[in-house]
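Each chain, letter by letter, is given below.
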Amino acid sequence: SLPAVDTPPAPARPDPLGVLGVPGEINLDHAASAPCARAAADAVAELLPWYASVHRGAGALSRRCTLAYERARQTVGDFVGARAGDHVIFTRNTTDSVNLLARALPAGTTVVTFAGEHHANLLPWPRGSVRLPVPADPAGAVRALAAALAELSRDARPGLPVLVAVTGASNVTGEVWPVAELARVAHRHGARILVDAAQLAPHAPVDLAALDVDYLALSGHKLYAPFGTGVLVGRGDWLDAAAPYLAGGGATSHVGPATHEVRWATGPARHEAGTPNLLGAVALAAVCAALAGADRAALHAREQALLSRLRRGLAALPDVVELRTFPADAPRVGIVSFVVAGRDSADVAARLAAAHRIGVRDGLFCAHPLARRLLSEAAARTGRTDLPPTALRASLGLGTTEADVDALLTALATLP
Ligand code: PMP
């Protein structure tokens, strides 16, 4: 699904979104939250004078806001390749989207995930979910899933629904998972598949139809839109049959006088009770529209060049050890986690911030099972006994420059 890396970068503007930033601050923490795009800020500023209720008023302001909200839904759906019959449900973020789907599963559904997932794609799933070990390479993931699904349909729970829930790109390693192949395997066994695209969507086109994926979740704040908006996109049947995620106004088509006399709406409204986050939806749609019009192959090539520079530079530092699941040359987005042997990661991160105005993340990245495993594997691979118990993560975005990467490398090379 990623554009080829070896196409020469087109002389495109490096940043088509006009990502905002603060001069002098080097932000290498895009995987946590990306800075806001000017496109999003402009869309919000344009709508602010019209600010009025959505789906709840007859006035001109309200009608315009309702239209803007529904257009935003269409734009975001188009951006991720939503098909006829898919619902585009606005949520707060990826965590909210995955929880929504978890609540909408038909009774008896088994969820199959890998242990490398972010907590948002591990913890919402019901008891009885299957957590497969982290594979050694992408082909291993496909094989492991095929074996697990064959066993489920043959022996364990024949005839019951199965949902495979996988990340598109790891928030720890940046490694890209073979989503299209996993979807093929899932469908061959009659299962459905959710892709957690929180980290993939900011770096590469994600198209539900092209990947043949059933559900997709993403967060606006990782996609250069403001906090507070995400989406769950995918097949409508389970969602329309499920109890509403939130009960309240907007999610109903009829409420009678008797307690519990209620008909719930179908479609996205069923799970969007309460006054919606219009500005968030419009901001996210503005980013999607800008990215849809951008030369994403060129952006990808530019990011890959920066990522190679960063990884080569880290590899040249004798005490730095990169964390990875797959072989070193497996496809990745612009995220690298690493440790500095003999150094506490929180101390290194604090020093980068205080002495160099470089922002990175430290810790276990809300993926404790994976991060702990990669730390112990890194110790085994390098034979070093002085690796710290938590890691550092540098993540690139549209505004990142070679100078930013070099500043991080120089700062790490000159730690006192
Ligand atoms: N999945 C992945 C892969 C992530 O990186 C994140 C955020 N770190 C999430 C899910 C959760 O996103 P949010 O915090 O926006 O709900």
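Residues numbered from 1 in each chain as written. Predicted model: local features only at pLDDT ≥ 70, side-chain atom pairs only at ≥ 80, totals over all residues.

## A word on the site of the ligand
Stage number 1. The environment of the ligand is formed by 14 residues, the closest being Asn93, Thr95, Asn171, Ala198 and Ser219.
Stage number 2. Looking at side-chain class alone, the shell around the ligand contains three nonpolar, 10 polar and one charged residues. (Near = placed C-beta within 6 Å. Nonpolar A, V, L, I, M, F, W, Y, C, P; charged D, E, K, R; others polar.)

## Focus on the sheet that holds strand 6 (residues 192-196)
Stage number 1. If you walk across this open sheet you meet the seven strands as 2-8-7-6-5-3-4, and the pairing is mixed. Strands with a single pairing partner mark the edges of an open sheet, and in this sheet they are strand 2 (86-91) and strand 4 (130-132). Neighbour to neighbour, the strand axes of the sheet diverge by 15° on average, direction disregarded.
Stage number 2. Pairing geometry for strand 6 and strand 7 (residues 215-219), over three bridges, is parallel. Bridging across to strand 7, Val195 finds its partner in Leu216.
Stage number 3. Across the sheet, helix 3 (residues 94-104) is in contact with strand 2, strand 6, strand 7 and strand 8 (230-235); its angle to strand 8 comes to roughly 35°.
Stage number 4. Its contacts with the sheet place helix 5 (residues 179-188) against strand 5 (162-167) and strand 6, and it is angled at close to 160° to strand 6. (Pairing = 2+ DSSP bridges. Helix = DSSP H or I, 4+ residues; strand = E, 2+ residues; numbered from the N terminus. Axes fitted to C-alpha atoms, helices over the stretch in contact; angles between N-to-C directions. Contact = placed C-beta atoms within 7 Å.)

## Considering the packing of helix 2 (residues 60-79) against helix 8 (residues 278-292)
Stage number 1. Contact pair helix 2 / helix 8: the axes reach a minimum separation of 8 Å and the direction vectors enclose 40°. As judged from the angle between their axes, helix 2 and helix 8 are oblique. Considering how the two elements wind past one another, helix 2 and helix 8 form a crossing that is left-handed. Only Leu278, Ala281, Val282, Leu284, Ala285, Cys288, Ala289, Leu291 and Ala292 of helix 8 make contact with helix 2, whose side of the interface consists of Cys65, Ala68, Tyr69, Ala72, Arg73, Thr75, Val76 and Phe79.
Stage number 2. Residue classes in the contact of helix 2 with helix 8 are distributed as 15 nonpolar, one polar and one charged. (Parallel < 35°, antiparallel > 145°, perpendicular 65-115°, else oblique. Left-handed = near helix turned anticlockwise from the far one by under 90°.)

## Details of unusual backbone geometry
Where the residue is not glycine, phi is negative for most of them; where a peptide bond is considered, it is trans in most cases.
Stage number 1. We note that Tyr224 has phi near 70°; this positive angle belongs to a residue other than glycine.
Stage number 2. Inspection of the secondary structure assignment puts Tyr224 in the loop between strand 7 and strand 8.
Stage number 3. On the neighbour-count criterion, Tyr224 (31 C-beta atoms within 10 Å) is buried.
Stage number 4. Even without being a glycine, Arg357 presents a positive backbone phi close to 55°.
Stage number 5. With respect to the helices, strands and loops of the structure, Arg357 is situated in the loop between helix 10 (345-356) and strand 13 (358-359). (Buried ≥ 20, exposed ≤ 12 C-beta atoms within 10 Å, placed from the backbone.)

## A closer look at the domain arrangement of the protein chain
Stage number 1. As assigned here, the protein chain comprises domain 1 (26-36 + 295-413) and domain 2 (39-292).
Stage number 2. The C-alpha-based centres of domain 1 and domain 2 are spaced at 28 Å.
Stage number 3. Taken together, the contacts link 29 residues of domain 1 with 31 residues of domain 2.
Stage number 4. Among the elements of the structure, helix 9 (296-315), strand 12 (335-340) and helix 11 (368-382) are those that each provide at least two residues to the side of domain 1 that touches domain 2.
Stage number 5. By residue number, the principal contributor to the side of domain 1 that touches domain 2 is helix 11, which donates five residues.
Stage number 6. The residue inventory of the side of domain 1 that touches domain 2, partitioned by class, reads 19 nonpolar, five polar and five charged. (Domains from an automatic or database assignment.)

## A word on the nonpolar core
Stage number 1. Within the largest apolar cluster, 122 residues are counted, with the highest numbers of intra-cluster contacts made by Val164, Leu182, Leu216, Val282 and Val287.
Stage number 2. The element contributing the most residues to this core is helix 8, with 11 residues.
Stage number 3. Each of domain 1 (26-36 + 295-413) and domain 2 (39-292) gives at least three residues to this core.
Stage number 4. If we skip the residues at most four places from it in the chain, Val164 touches Val112, Leu145, Leu182, Ala186, Ala191 and Ile193. (Core = buried A, V, L, I, M, F, W, Y, C linked by C-beta atoms within 7 Å.)

## Overview of helix 5
Stage number 1. Turning to helix 5, its buried residues are Val179, Leu182, Ala183, Val185 and Ala186. Angularly, the buried residues of helix 5 cover 165° about the axis, an arc narrow enough to put them on a single face.
Stage number 2. After helix 5 finishes, the residue Gly190 shows a positive phi value of roughly 75°. (Arc of directions from axis to C-beta.)

## Things to note about helix 9
Stage number 1. Taking 1.5 Å as the rise per residue, helix 9 with 20 residues should run 28 Å; its terminal C-alpha atoms sit 28 Å apart, in good agreement.
Stage number 2. Contacts made by the buried residues of helix 9 are with strand 11 (320-323), strand 12, strand 15 (391-395) and helix 12 (402-413). (Expected span 1.5 Å × (residues − 1).)

## Considerations on the sheet that holds strand 12
Stage number 1. Taken together, the four strands give an open sheet; going across it, the order is 11-12-15-14, and neighbouring strands pair in antiparallel fashion. Two strands lie at the open edges of the sheet, namely strand 11 and strand 14 (361-363), each paired on one side alone. The sheet shows a mean angle of 35° between the axes of neighbouring strands, taken without regard to direction.
Stage number 2. This element, helix 9, spans strand 11, strand 12 and strand 15 of the sheet and lies at about 15° to strand 12.

## Overview of the packing of helix 1 (residues 38-47) against helix 8
Stage number 1. In contact at an axis separation of 8 Å, helix 1 and helix 8 are set at 135° when each is read in the N-to-C sense. Between helix 1 and helix 8, the angle falls in the class oblique. Seen along the crossing, helix 1 lies across helix 8 with a hand that is right-handed. The residues of helix 8 that touch helix 1, namely those facing Ala39, Ala40, Ala43, Val44 and Leu47, are Leu279, Val282, Ala283, Ala286, Val287 and Ala290.

## Re the pairing of strand 2
Stage number 1. With six of six residues buried, strand 2 is to be regarded as a mostly interior element.
Stage number 2. Bridging between strand 2 and strand 8 involves six bridges; their strand directions are antiparallel. Bridging across to strand 8, Asp86 finds its partner in Arg235.

## Things to note about the environment of Asn93
Stage number 1. Tracing the backbone shows Asn93 in the loop between strand 2 and helix 3.
Stage number 2. Note: C-alpha distance between Asn93 and Leu145 (52 residues apart in sequence) is 27 Å.
Stage number 3. With residues up to four places along the chain from it excluded, the contact list for Asn93 reads Ser219, His221 and Gly230.

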